[in-house]
Number of protein chains: 2
Amino acid sequence: MEKQTVTIYDVAREAAVSMATVSRVVNGNPNVKPATRKKVLEVIDRLDYRPNAVARGLASKKTTTVGVIIPDVTNVYFASLARGIDDIAMMYKYNIILTNSDENGGKEVQVLNTLMAKQVDGIIFMGNQVTPELRDEFKRSKAPIVLAGSVDEEQNQPSVNIDYVAAVAEAVKNLIDHGNRKIAFVSGSMDEAINHDYRLKGYKKALKDAGIAYDDKLIFETDYTYKAGQALEPALMSTGATAAFVGDDELAAGVMNGLTDAQVAVPDDFEVITSNDTKLTELVRPKMSSITQPLYDIGAVAMRLLTKLMNNETVDDKTVILPYGLMKRSSTK
Amino acid sequence: MEKQTVTIYDVAREAAVSMATVSRVVNGNPNVKPATRKKVLEVIDRLDYRPNAVARGLASKKTTTVGVIIPDVTNVYFASLARGIDDIAMMYKYNIILTNSDENGGKEVQVLNTLMAKQVDGIIFMGNQVTPELRDEFKRSKAPIVLAGSVDEEQNQPSVNIDYVAAVAEAVKNLIDHGNRKIAFVSGSMDEAINHDYRLKGYKKALKDAGIAYDDKLIFETDYTYKAGQALEPALMSTGATAAFVGDDELAAGVMNGLTDAQVAVPDDFEVITSNDTKLTELVRPKMSSITQPLYDIGAVAMRLLTKLMNNETVDDKTVILPYGLMKRSSTK
DNA sequence: GCAAGAACTGAAAACGCTTTCATCCCAAAG
DNA sequence: CTTTGGGATGAAAGCGTTTTCAGTTCTTGC
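Residues numbered from 1 in each chain as written. Chains lettered and ligands numbered in written order. Predicted model: local features only at pLDDT ≥ 70, side-chain atom pairs only at ≥ 80, totals over all residues. Heavy atoms only, no water.

**Some words on the interface of chain A and chain B**
- Counting residues at the interface gives 57 residues for chain A, matched by 57 residues for chain B.
- The junction of chain A with chain B conceals about 5,000 Å² of combined surface from both sides, 50% of it contributed by carbon and sulfur atoms.
- For the interface between chain A and chain B, the tally reads 12 salt bridges.
- One salt bridge in this structure joins B:R140 and A:D48, with 2.2 Å as the shortest N-O distance. (Contact = heavy atoms within 4.5 Å. Buried area = accessible area lost by both parts, 1.4 Å probe. Salt bridge = Lys/Arg side-chain N within 4 Å of Asp/Glu carboxyl O.)

As structure tokens, then:
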């Protein structure tokens with residue numbers, strides 16, 4: 001007993017009107033006599049008619065779904081953005097096709113293609129790096145694409161971010177102001193634009209402003225994982241560093257716990273400041289000082305921007321920069 | 001210059017074959033002469049033809065997308081399941097429409113409806129409670145629905161879980177074995193089946209087995225948030241409890257940090273054991289002991305089960321129970 | 001009471017694909 | 001040299017909507 005689906009045609013027949021009219025009432029088109037509308041609505045209700053979104057998508061060339069590419073849902077930072085994205089999407093009646101990319105260029109390209117095949121109306125991309133191949137795909141897309149919490153060196157893609165350079169510079173300056181001279185820079189792969197083109201620049205700027213020489217022995221390139229951070233302790237301490245700027249909260253938690261577990265007192269003997277202000281910063285002890293970012297809003301604004309783009313509204317500025325801050329908690333003096 | 005889309009018809013014309021043949025080669029139908037296939041493939045490549053998944057979905061009544069309802073992506077527990085779901089989905093060429101429900105019954109029903117309107121081939125539901133209205137919607141769905149890490153009192157829905165009752169009983173027994181007699185039970189709303197019908201039962205069972213009287217003053221019903229946990233400290237201590245079983249890791253982290261911040265030594269003066277074994281357990285100090293669950297696998301198996309259901313394969317057992325464990329870390333003696 | 005326009009409504013053509021069914025072709029069998 | 005049958009192909013009918021365009025039916029203002 002296959003469940004029977006009722007179509008717009010059934011409604012039209014029952015209500016003794018044309019499909020066109022039914023379509024109109026379903027879509028809230030005002031050009032329908034109230035009496036007719038009422039009649040149709042009753043039939044719709046009686047038959048429990050539900051429009052088939054796929055057919056609708058084919059006919060109207062709009063699917064009211066947007067694709068979201070995320071490195072890993074399990075990453076609290078990106079998940080927070082995703083939450084903002086979904087809320088706004090829902091507010092504007094869009095649905096989200098979410099796919100994990102693992103920051104893998106090949107997978108990203110493939111995912112992008114299936115997203116486009118599914119005729120999504122727009123795409124939000126999160127990831128620390130935009131490979132040239134990916135950039136090419138972006139260009140070929142007829143659906144607008146906006147980057148959320150993600151940068152592209154060639155900034156021709158709409159995006160929502162904070163001023164990473166300034167934020168990192170300020171964070172590092174804070175460390176310097178506390179008397180630290182040897183400050184480690186811990187991040188993910190330097191291949192990623194966000195690291196080499198933004199965070200590192202901010203780091204260098206702060207050093208330069210303070211007249212401290214840059215020393216690449218203090219640069220630690222690793223994975224964005226807790227374990228990786230934890231394992232860094234010996235290497236970190238052997239450099240004589242007394243503080244570290246870390247590019248990811250989970251990584252930072254690892255660094256800090258690794259230190260603590262090795263009897264290095266944070267913040268007394270070693271200060272740590274992190275980047276993303278996710279809830280992890282409050283979970284660990286000491287609580288971690290961090291650059292603050294409006295996580296949810298980055299996602300939300302990105303999605304809002306996307307709705308405008310999908311709607312062909314003119315937007316004044318396609319690359320929006322949200323404000324950041326510095327939250328002093330207990331991992332710094 | 002609106003980007004032109006090339007259709008199956010264009011390919012057919014260029015290759016001098018019928019649409020049917022093009023469709024066959026695109027879908028890997030073996031009934032195509034190799035020479036023809038090659039010819040078509042060349043044209044496809046030259047024209048850069050990409051099948052329109054929406055049209056395909058309309059014609060074939062299969063969208064190769066499944067809906068996933070999640071309480072909140074930002075919740076590490078559910079996000080971990082989601083990751084397992086997405087990976088397996090991708091493996092089977094499905095995409096995921098992800099929507100946050102906030103455990104809000106009304107929203108869940110609504111979301112379910114839009115998912116069905118979008119003709120998803122299947123649905124995975126995560127949530128701590130299945131309301132009667134929701135259950136009704138489940139029944140009306142022509143797409144198979146499986147619950148992941150989520151229970152329904154009336155167990156007629158395919159699902160993937162662990163044996164919560166036994167797991168909690170074991171966890172609480174562990175606490176009892178350490179000499180605790182007053183053990184708090186901290187969880188989210190008791191309206192949720194998972195709490196009143198599973199966890200609490202396990203808790204009571206452990207008490208009963210040990211001949212300890214149940215005392216509802218020791219039951220704490222709150223939100224699944226860090227802050228809520230943290231705020232619990234005074235109430236918790238005033239009951240004279242010396243240990244707590246907590247139903248969620250973030251909540252547990254809050255409880256533990258709240259205790260610690262109030263100079264209550266964990267585990268010496270108070271033991272804490274939590275439920276979900278997410279990475280949060282390792283982040284906090286002391287690390288939290290926990291029931292272990294194969295988070296990723298719960299999602300993965302649920303998705304695998306769903307593929308079978310969508311494929312009309314006969315599955316022997318529609319409710320699968322995965323093994324759990326107990327991981328002793330440092331929040332218990 | 002009538003013309004002119006506005007407000008409604010319906011017929012039918014897309015939308016881009018899958019799938020059924022009929023047809024055709026050709027190799028193998030007799 | 002037929003017959004037979006299976007493999008390869010194409011024509012065309014959907015799939016369930018939206019949307020255009022051409023009516024048709026009301027309202028108004030005179």
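We are not done yet, so read on.
**Description of the protein's contact with DNA strand C**
- Surveying the vicinity of DNA strand C reveals 29 residues, the closest of which are A:R24, A:T36, B:I8, B:S23 and B:Y49.
- Taking all atoms of DNA strand C within 4 Å of the protein, the share assigned to sugar and phosphate is 63%.
- A:R24 is positioned with one of its side-chain polar atoms (N or O) 2.5 Å from a base oxygen of DNA strand C.
- Note that a phosphate oxygen of DNA strand C is positioned 2.7 Å from one of the side-chain N or O atoms of B:Y49.
- Looking at the surface near DNA strand C, the elements that each hand over two or more residues are α2 (19–26) and α4 (53–60) of chain A together with α2 (19–26) and α4 (53–60) of chain B.
- Grouping the constituent residues of the surface near DNA strand C by class yields 14 nonpolar, 10 polar and 5 charged. (Near = heavy atom within 4 Å. Polar contact = N/O pair within 3.5 Å; in protein donor to acceptor, adjacent residues only side chain to side chain. Helix = DSSP H or I, 4+ residues; strand = E, 2+ residues; numbered from the N terminus. Nonpolar A, V, L, I, M, F, W, Y, C, P; charged D, E, K, R; others polar.)

**Digging into the sheet that holds strand β8 (residues 243–246) of chain B**
Residue and element names in this part refer to chain B.
- The strand order β7-β6-β8-β9-β10-β12 describes an open sheet built from 6 strands, whose pairing is mixed. Among the strands making up the open sheet, the edge pair consists of β7 (219–221) and β12 (325–327). Taking the axes of each pair of neighbouring strands and ignoring which way they run, one obtains an average angle of 20° across the sheet.
- Judged from the 3 bridges that link them, β8 and strand β9 (residues 271–274) form a sheet pairing that is parallel. When the sheet's bridge partners are listed, A244 is paired in β9 with V272.
- On top of the sheet, helix α9 (residues 193–209) reaches β6 (183–187), β7 and β8; it is set at about 165° to β6, its chief contact.
- Packed on one face of the sheet, helix α12 (residues 249–261) meets β6, β8, β9 and β10 (289–292) and runs near 170° to β9. (Pairing = 2+ DSSP bridges. Axes fitted to C-alpha atoms, helices over the stretch in contact; angles between N-to-C directions.)

**Quick word on the sheet that holds strand β10 (residues 289–292) of chain A**
All names here are of chain A.
- Taken together, the 6 strands give an open sheet; going across it, the order is β7-β6-β8-β9-β10-β12, and neighbouring strands pair in mixed fashion. Either end of the sheet is taken by a strand with one partner, and the two such strands are β7 (219–221) and β12 (325–327). Pairs of neighbouring strands in the sheet enclose a mean axial angle of 20°, with direction left out of account.
- Bridging between strand β6 (residues 183–187) and β7 involves 3 bridges; their strand directions are parallel. Following the sheet pairing, S187 is matched in β7 by E221.
- Strands β6, β8 (243–246), β9 (271–274), β10 and β12 of the sheet are contacted by helix α8 (residues 164–177), whose axis makes an angle of about 165° with β8.

**Looking at the nonpolar core**
- Grouped together as the largest cluster of nonpolar side chains are 167 residues, with contacts concentrated most on A:V186, A:Y203, A:M303, B:V186, B:Y203 and B:M303.
- Excluding residues that lie within four positions of it along the chain, A:V186 makes contacts with A:F220, A:T222, A:L232, A:L236, A:A244, A:F245, A:V246, A:G247, A:L251 and A:V255.
- In terms of nonpolar packing, the next biggest core, distinct from the first, is built from 31 residues, A:L112, A:F125, A:I145 and B:F138 among them. (Core = buried A, V, L, I, M, F, W, Y, C linked by side-chain atoms within 4.5 Å. Buried < 20%, exposed > 50% of the residue type's maximum accessible area, 1.4 Å probe, protein only.)

**Description of the packing of α2(B) against helix α3 (residues 34–47) of chain B**
Residues and elements named next belong to chain B.
- Across the interface, α2 lies against α3 with an axial gap of 10 Å and an inter-helix angle of 85°. By the angle between their directions, the pair α2 and α3 is classed as roughly perpendicular. Every residue of α3 that contacts α2 at T21, V22, V25 and V26 is listed here: T36, R37, V40, L41 and I44.
- Of the residues assigned to the contact of α2 with α3, the class counts are 6 nonpolar, 2 polar and 1 charged. (Parallel < 35°, antiparallel > 145°, perpendicular 65-115°, else oblique.)

**Thoughts on the relation of the copies chain A and chain B**
- Placing chain A over chain B gives an RMSD of 0.1 Å and needs a rotation angle of 180°, together with 0.0 Å of translation along the axis. Such a combination of rotation and displacement between the chain copies is what one expects of a two-fold axis. In terms of proximity to the rotation axis, the leading residue of chain A is A:I97, whose C-alpha is 2.2 Å off the axis.
- Comparing contact sets, 98% of the residues at the interface of chain A also lie at the interface in chain B, consistent with an isologous, same-surface contact. (Least-squares fit on C-alpha atoms with pLDDT ≥ 70 in both.)

**A short note on the domain arrangement of chain A**
- When cut into domains, chain A gives domain 1 (8–51), domain 2 (65–162 + 295–324) and domain 3 (164–293).
- Once you take the C-alpha centre of each, domain 1 of chain A and domain 3 of chain A turn out to be 62 Å apart. (Domains from an automatic or database assignment.)

**Description of the pattern of salt bridges**
- Considering all chains together, one arrives at 46 salt bridges over all chains under this definition.
- Residue B:R135 is joined to B:D152 by a salt bridge in which the shortest nitrogen-to-oxygen separation is 3.0 Å. Highlighted residues: B:R135 in helix α7 (residues 132–140) and B:D152 in the loop between β4 (145–148) and β5 (159–162), separated in sequence by 17 residues. Across this residue pair, the class does not change: B:R135 and B:D152 are buried.
- Each of A:D72, A:D102, A:K107, B:R83 and B:D87 takes part in a single network of salt bridges with overlapping partners.

**So, the pairing of strand β5 (residues 159–162) of chain A**
Residue and element names in this part refer to chain A.
- Residues S159 and N161 point to one face of β5 and V160 and I162 to the other, with burial holding for every one of them.
- Pairing geometry for strand β4 (residues 145–148) and β5, over 2 bridges, is parallel. What sits directly across from L147, in β5, is S159.
- Sheet analysis places β5 next to strand β11 (residues 319–322), joined by 4 bridges and oriented parallel. Across the sheet, I162 pairs through a bridge with L322, a residue of β11.

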